[in-house]
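# Observations on the model geometry
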Amino acid sequence: MDAANLSALVADLFLTIKLLSGYPVPEVQPTVTRVSKQTMQTMICAGPCAVRAFYTPDKGVYIDEQLDLAEDYFARSVLMHELVHHLQHVAGKFEDLDTPCRRWKAKEVEAHEIQHKYLKKLRLTQRFIALDTVPITCPGDQDND
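Below or above, wherever it landed, is the structure these notes cover. (Residues numbered from 1 in each chain as written. Predicted model: local features only at pLDDT ≥ 70, side-chain atom pairs only at ≥ 80, totals over all residues. Heavy atoms only, no water.)

Attention now moves to the overall build of the chain. Scanning the chain for helices and strands turns up four helices and three strands. Ordering the α and β elements of the chain from the N terminus gives α-β-α-β-β-α-α. For the chain, contacts bridging at least 24 residues in sequence account for 59% of all contacts bridging at least 6. Carbon and sulfur atoms make up 53% of the accessible area of the chain, which amounts to about 8,700 Å² in all. (Helix = DSSP H or I, 4+ residues; strand = E, 2+ residues; numbered from the N terminus. Contact = heavy atoms within 4.5 Å. Areas by Shrake-Rupley, 256 points an atom, 1.4 Å probe, with all protein chains shown as cover.)

This is the structure in structure tokens:
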């Protein structure tokens, strides 16, 4: 996918996110960089891991170059998930939560929920299994048993 088509896709995904969540479309798109899975693992993992994409406020979105963003709606949903993180950052959402763990958990849960709404609208049954890796509790949370 060339840069113009990727930019158009990102714009379309931001409109979809707005419809699904109410987040405003940002005035400036984050940079989206396609890289190898190995490059992402080197950047954010201590070794091999299941990363397919990630977002950083200063560099934007990194996404696995093997994902077929042109034809695969699930791959697009992975990009959408990271774009939600950009919107969360711009809005300062969840910054009032008292620990980094709680902020991370809230951001991940919301991004997964929006991603699943997108997949459901497309009548795709595939789910983003990484939601299962979101910790149920953070240190200091009350046990809800």
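Okay, helix 3 (residues 73-91) next. Under the 1.5 Å per step criterion, the end-to-end length of helix 3 is 26 Å for 19 residues, consistent within 8% with the ideal 27 Å. With respect to burial, helix 3 is a largely interior element, 15 of its 19 residues being buried. The positive-phi residue at the C-terminal boundary of helix 3 is Gly-92, with phi of around 70°. (Expected span 1.5 Å × (residues − 1). Buried < 20%, exposed > 50% of the residue type's maximum accessible area, 1.4 Å probe, protein only.)

Moving on: a nonpolar patch on the surface. On the surface, Tyr-73, Leu-122 and Leu-124 cluster together into a nonpolar patch covering about 240 Å² of accessible area. Here Leu-124 lies in the segment after helix 4 (100-121). Of the residues examined, Leu-124 reaches a relative accessible area of 34% and is grouped as partly exposed. (Patch = residues over 30% accessible without salt bridge, like charges linked within 9 Å, V, L, I, M, F, W, Y side chains within 5 Å. Salt bridge = Lys/Arg side-chain N within 4 Å of Asp/Glu carboxyl O.)

Once that is clear, we can look at the packing of aromatic side chains. Considering all chains together, one arrives at one aromatic pair under this definition. Seen from their ring centres, Phe-54 and Tyr-62 are 5.0 Å apart, and the 15° between their planes marks the pair as stacked. Each of the two residues, Phe-54 as well as Tyr-62, counts as buried. (Phe/Tyr/Trp six-rings, centres within 6.5 Å; stacked < 30°, edge-to-face > 60°.)

Take Glu-95: it is sitting in the loop between helix 3 and helix 4. When the C-alpha atoms of Glu-95 and Lys-107 are compared, they prove to be 9.9 Å apart, with twelve residues separating the residues in sequence.

For the rest of this paragraph, the subject is the state of the cysteines. For the structure shown, the criterion picks out one disulfide. Here Cys-45 pairs with Cys-49 through a disulfide, and the sulfurs are 1.8 Å apart. Measuring handedness by torsion sign, the sulfur bridge of Cys-45 and Cys-49 sits at about 65° and is right-handed. (Disulfide = S-S within 2.5 Å.)

Quick look at the pattern of salt bridges now. Overall, the coordinates contain four salt bridges when judged by the stated rule. A salt bridge links Lys-93 to Glu-110, with the shortest nitrogen-to-oxygen separation between them at 2.5 Å. Residue Lys-93 is found in the loop between helix 3 and helix 4, and its partner Glu-110 is found in helix 4; the two are separated by 17 residues along the sequence. Among the salt bridges present, the one from Asp-98 reaches Arg-102, with a minimum N-O distance of 2.7 Å. When its relative accessible area of 56% is taken as the criterion, Asp-98 is described as exposed.

Core analysis: the biggest nonpolar cluster contains 27 residues, and Ile-17, Ile-63, Leu-79, Met-80 and Leu-83 have the highest contact counts within it. Elements supplying a minimum of two residues to this core: helix 1 (3-21), strand 2 (53-56), strand 3 (60-64), helix 3 and helix 4. Among the elements that line this core, the one with the most residues is helix 3, at eight residues. Ranked by size, the runner-up nonpolar core spans five residues in total, among them Val-35, Val-51, Phe-54 and Tyr-62. (Core = buried A, V, L, I, M, F, W, Y, C linked by side-chain atoms within 4.5 Å.)

One non-glycine residue, Phe-94, lies in the positive phi region at around 75°. Mapping Phe-94 onto the fold places it in the loop between helix 3 and helix 4. A relative accessible area of 18% places Phe-94 in the buried class.

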